Amino acid sequence: MKTVVTPCSFWSKCSRPLAPNISLYCFLALPSIMFRRATTILSRVVRQAGEPSSALAMGLGRLNHVAIAVPDMQATMKMYREVLGAKVSEPFDQKEHGVTTVFIDLGNTKIELLHPLGEKSPIQNFLTKNPSGGIHHVCIEVDDIHAAVKRVSEQGLKVINPVPKIGAHGKPVVFIHPKSMNGVLVEFEQK
């Protein structure tokens, strides 16, 4: 009997067994599963408020990116570029956030690769707990970031940084705590 290892609950939704390397099907399906999970939680917040148009007040939009923390940026960039044939940006150091970022353009969305920059990098803490790397957060666009912060705060969700910071795309961002989002760190980015 073959033992199937499932690194997290997301993989239980995948019907294909994991090989020593995670199957490409599972890897590509995971961002959409996480996005569906996060948007389901947000839609519950909207329904609980009893206002069908409240999602419009926030202006909840499309999935902007899925961020993946990586222990070896160059090897990961090479894999996406040479093996998968993806369009990969050059690394960009964001000293104020303690990360180096690289974006992979998928046409309809992006993957953001995150690598620690400096000793106090939050990504280093993530990689200490997850040495192989892994999905760090999902980013959803919103029309009005201040309305989004107000809306989710009023509904009891914990906003990590209620005052927006400027993110990797030069736009205001906030993060919703994973404990409020069924274990998924969610970033809102102003459209």
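Throughout what follows, the structure given in this document is the object of discussion. (Residues numbered from 1 in each chain as written. Predicted model: local features only at pLDDT ≥ 70, side-chain atom pairs only at ≥ 80, totals over all residues. Heavy atoms only, no water.)

This brings us to the pairing of strand 5 (residues 110-116). Burial analysis of strand 5 places six of its seven residues in the buried class, the great majority of the element. Sheet topology note: the strand 1 (residues 60-69)/strand 5 ladder contains five bridges and is parallel. Looking across to strand 5, one finds that Ile68 is bridged to Leu113. Note that strand 4 (residues 99-105) and strand 5 share seven bridges and pair antiparallel. Across the sheet, residue Phe103 finds its bridge partner in strand 5, namely Glu112. Between strand 4 and the antiparallel strand that follows it, strand 5, lie four residues; Gly107 among them carries a positive phi value of about 90°. (Buried < 20%, exposed > 50% of the residue type's maximum accessible area, 1.4 Å probe, protein only. Helix = DSSP H or I, 4+ residues; strand = E, 2+ residues; numbered from the N terminus. Pairing = 2+ DSSP bridges.)

Okay, the nonpolar core next. By size, the foremost hydrophobic cluster in this structure holds 18 residues, and its most contacted members are Val138, Val152, Val159, Val174, Ile176, Val186 and Phe188. Elements that contribute at least two residues to this core include exactly strand 1, strand 6 (134-142), helix 5 (145-154), strand 8 (172-176) and strand 9 (186-190). Top contributing element to this core by residue count: helix 5, with four residues. In this structure, Val70, Met73, Val102 and Ile111 belong to the second largest nonpolar core, which totals 11 residues. (Core = buried A, V, L, I, M, F, W, Y, C linked by side-chain atoms within 4.5 Å.)

Right, let's talk about the pattern of salt bridges for a bit. Pairs may arise between side chains of opposite charge once their charged atoms sit close together. Within this structure, the stated rule accounts for four salt bridges. Residues Glu141 and Arg62 are paired through a salt bridge, measuring 3.5 Å at the closest nitrogen-oxygen approach. In this pair, Glu141 is assigned in strand 6 and Arg62 in strand 1, connecting sequence segments 79 residues apart. As a salt-bridge pair, Asp143 and Lys191 come within 3.0 Å of each other at their nearest N and O atoms. Of this pair, Asp143 sits in the loop between strand 6 and helix 5 while Lys191 sits in the segment after strand 9, and the two are 48 residues apart along the sequence. (Salt bridge = Lys/Arg side-chain N within 4 Å of Asp/Glu carboxyl O.)

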